[in-house]
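# Working through the structure, step by step
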Amino acid sequence: MDINYWVAAHLSPTGRTAKIAWAIAAAGSASGIFSSIGLATEQTGRSAWVAYLLAALIGGFLRVIPPLIFTSMFRYKGGNYAMAAMTLGPLAGGIYALWWLPMFLSRGTSASALGQYLQSVFPGLSPRWTSVALITIVFVVNLFGVKVMAKVQRPLMAVTVGTLLLFTAFGLTKLQPGSFAVTSPEYYTGGGLGVLLAVTLVIQPMSALALLCGFSWEAKDSKRNIPFAILAGSCLVTLIFVGVSFVAGNTLPVGEMAGKPMTYAARQIFPGALFPLFLLLGPVLALCSNLNASMSTISAPVLGAIRDGWLPRSIGRNNRHGSPWIVYTAMWLICVIPLILGVSLKTFVAYTMMTQRISGLLLLVVAFHLPNRFPRQWANALWHLPKGVYYLLLTLSGLTEVGTLIASAIATSLSVFLGNLCLVAALAAYALFRYRSGKAHVVIQAEGFEECRAG
């Protein structure tokens, strides 16, 4: 399930931060670990858990600093889009909003992973056409505004997280000899570069925790609760990711698990009928619910960009069931066409990852301006850091952004890398065109922002 959808229900005016943190842990861990574990073991063998730990430290702590600090300064509406617009001006917000469009490809990641899981159990199935069929079903369901899944998402995700904990518990009793021998040749099979590539491929679910800033306006005592929820959620997700990846990478010989979905390890771990039960309640349930929920959550920032004029308003039209059918159709086509053409799971991840890392660099520029742009809010922020420490952490975060961006380029072909750069440049140029044409009108809703602008 996408993190935004799962958390939204917990951020009501009466929500409690403990409940919020549990929600984050559930949402952040479920689909992300299922779709990325094979990629990690392929790059770095048994040390996949090390890659997940580093990804958690970078994505779950360093990279959440900009929204964490900003949400402790303002109660506002619009997430990272509003943060960029408030700090650097409307054009920066528009560029960030349009750079969100490649996130449509992330649905292809879930669909591709789901096809692999089903094919590993039913070898006669084509993972490509299974993925296409499943994402098409989800697309049609959402076109008709069917909200049945929305009513059962929370209990289903609790079940899914329970299966991950069982996977870890059972798996610790089935470890291969030498699982803790970190100097073994089966550790770090790709060397230091392999670990870095694995981190690059699995970091996105951890970075998603920062999206909680999008609920600053709705949350109770948001300046305190949202930053706490981000940090507490990062800790909980780190424990789940590291535990599951350690077991998945160490219950089978490296050659049998590398590049494979978690079902291969689960078949070794769970006896008898527990294996198909795990498959249904674990990866299949998590990835299906992720596909369903993310149709609305991934499209929400794009609909906001349409509302403010960064994209033609006609694109945001709803059908008679209240669904934005043009946006949903675009999302479906962006996912289905690459699947039909045989684009790999790694390529889907690479396109999503590279644009998100470039967006992350923009947010770091925003973060560097916060103390001087909003001195009073900075001084009064509940989550406050000395400026020296703050700038040091931002510098470290920037180095990780550049490092993972370089690793993304290494992990993909030259054509994919150049395609990403052209896409990012084209979207920024289009934002500039809309801004200069006077068609974009950013509306910012934030407590205390008007007095900052006046000052």
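Okay, so let's go over this structure. Starting from 1, residues in each chain are numbered consecutively following that chain's sequence as written. Note on the predicted model: pLDDT of at least 70 is required for a residue's local features to be given, and 80 or more for side-chain atom pairs to be given and counted; whole-chain, interface and lining totals, by contrast, use all residues. Only hydrogens and water are removed before side-chain values are computed, so all heavy atoms of the structure are retained for them.

### A few points about the overall build of the protein chain
Helix and strand counts for the protein chain stand at 21 helices and two strands. Categorising residues by exposure relies on relative accessible area from a 1.4 Å probe, with only protein chains included: less than 20% of the type maximum marks a residue as buried, more than 50% marks it as exposed, and the intermediate range marks it as partly exposed. Each of the 455 residues in the protein chain was classed as buried or not, and the buried ones make up 56%. Considering only contacts within the protein chain whose residues lie at least 6 apart along the sequence, 82% involve residues at least 24 apart. The protein chains shown are the only cover counted for residues, whose accessible areas, like all others here, come from Shrake-Rupley with a 1.4 Å probe. Accessible area for the protein chain stands at about 17700 Å²; split by element, carbon and sulfur atoms hold 69% of it. Labels follow the DSSP assignment, with helices taken as runs of H or I lasting at least four residues and strands as runs of E lasting at least two, numbered in each case from the N terminus. What makes two residues a contact is simply this: any of their non-hydrogen atoms within 4.5 Å.

### Looking at the packing of helix H6 (residues 90-98) against helix H20 (residues 414-436)
When two helices pack together, you describe them by how their axes are tilted relative to each other and by the distance separating the axes. Viewed as axis vectors pointing N to C, H6 and H20 meet at an angle of 135 degrees, and their least axial separation amounts to 9 Å. Here H6 is positioned oblique relative to H20, judged by the angle of their axes. Relative to H20, the crossing made by H6 is right-handed. Residues Pro90, Leu91, Gly94, Ile95 and Leu98 of H6 lie in contact with H20, whose contacting residues are Leu427, Ala428, Tyr430, Ala431, Leu432 and Tyr435. Looking at the contact of H6 with H20, its residues break down into 10 nonpolar, one polar and no charged. Comment: axis = line fitted to C-alpha atoms, over the contacting stretch for helices; angle = value between 0 and 180 degrees taken between N-to-C directions. The labels follow the angle: roughly parallel below 35 degrees, roughly antiparallel above 145, roughly perpendicular from 65 to 115, and oblique for the rest. Note on convention: near helix rotated counterclockwise from far helix by under a right angle means a left-handed crossing. Clockwise means right-handed. Each residue is assigned to one of three groups, with Ala, Val, Leu, Ile, Met, Phe, Trp, Tyr, Cys and Pro labelled nonpolar, Asp, Glu, Lys and Arg labelled charged, and all others, Gly among them, labelled polar.

### With respect to the nonpolar core
In this text, buried Ala, Val, Leu, Ile, Met, Phe, Trp, Tyr and Cys residues form a nonpolar core when linked through side-chain atoms within 4.5 Å. The biggest cluster of nonpolar side chains holds 116 residues, and the ones touching the most others in it are Phe34, Tyr76, Phe167 and Met262. When neighbours within four sequence positions are excluded, Phe167 is seen to be in contact with Val244, Val247, Ala248, Met262, Ala265, Ala266, Ile269, Phe270 and Phe278. The next biggest cluster of nonpolar side chains, apart from the first, holds five residues, and it includes Trp49, Val50, Tyr187 and Phe246.

### Let's talk about the packing of aromatic side chains
Each pair of aromatic rings taken from Phe, Tyr and Trp, with Trp reduced to its six-membered ring, is defined by centres within 6.5 Å and is described as stacked if the planes are under 30 degrees apart, edge-to-face if over 60, and tilted in the remaining cases. The tally for this structure, following the rule as stated, stands at 18 aromatic pairs. For the pair Phe139 and Trp332, a centre-to-centre distance of 5.1 Å together with 15 degrees between the ring planes defines the contact as stacked. Pair noted here: Phe139 is in helix H8 (residues 127-143) and Trp332 is in helix H16 (residues 325-340), with a separation of 193 residues, a long-range link. Given a relative accessible area of 9%, Phe139 falls into the buried group. A relative accessible area of 22% means that Trp332 is categorised as partly exposed. Joined through ring pairs, the aromatic side chains of Phe70, Phe74, Tyr76 and Phe374 make up one cluster.

### A closer look at the packing of helix H3 (residues 48-62) against helix H12 (residues 222-250)
Packing of H3 against H12 leaves a shortest axis separation of 8 Å and a crossing angle of 165 degrees. Considering their axes alone, H3 and H12 lie roughly antiparallel with respect to each other. Both H3 and H12 take part in a crossing whose hand is right-handed. On H12, the residues that touch Ala48, Trp49, Tyr52, Leu53, Ala56, Gly60 and Phe61 of H3 are Leu231, Ser234, Cys235, Thr238, Phe241, Val242, Ser245, Phe246 and Asn250.

### Side note on the side chain of Thr355
Here Thr355 shows up in helix H17 (residues 345-373). Classification of Thr355 as buried rests on a relative accessible area of 2%. Residues within four places of Thr355 in sequence aside, it is in contact with Pro102, Asn420, Leu423 and Val424.

### Observations regarding helix H4 (residues 65-73)
Of all nine residues making up H4, nine are buried, and the element is well covered by its neighbours. What H4 keeps buried is the set Ile65, Pro66, Pro67, Leu68, Ile69, Phe70, Thr71, Ser72 and Met73.

### Digging into the environment of Leu134
Here Leu134 lies in helix H8. Taking the C-alpha atoms as reference points, Leu134 and Ser112, separated by 22 residues in sequence, lie 9.7 Å from one another. Beyond its immediate sequence surroundings of up to four residues, Leu134 is in contact with Leu114 and Leu118.

### Observations concerning a nonpolar patch on the surface
Taken together, the side chains of Leu193, Leu196, Val402, Ile406 and Ile410 define a hydrophobic patch exposed on the protein surface, amounting to about 420 Å² of accessible area. Among the elements that line the nonpolar patch, the one with the most residues is helix H19 (residues 387-411), at three residues. Note that Ile406 resides in helix H19. Each patch is assembled from residues with relative accessible area greater than 30% and no salt bridge, linking like charges that lie within 9 Å and nonpolar side chains (Val, Leu, Ile, Met, Phe, Trp, Tyr) that lie within 5 Å. Any Lys or Arg side-chain nitrogen located within 4 Å of an Asp or Glu carboxyl oxygen qualifies as a salt bridge.

### Some thoughts on the pattern of salt bridges
Applying the stated criterion to the full structure yields four salt bridges. Note that Glu401 and Arg63 form a salt bridge whose closest N and O atoms lie 3.4 Å from each other. With Glu401 in helix H19 and Arg63 in the loop between H3 and H4, the pair connects residues that are 338 residues apart, well separated along the chain. Accessibility classification places Glu401 together with Arg63 in one group, the buried group. The closest approach of N and O atoms between Asp308 and Arg307, which form a salt bridge, is 3.0 Å. Judged by relative accessible area, Asp308 falls into the buried class, the value being 1%. Residues joined by salt bridges that share partners form a network here, namely Arg63, Arg357 and Glu401.

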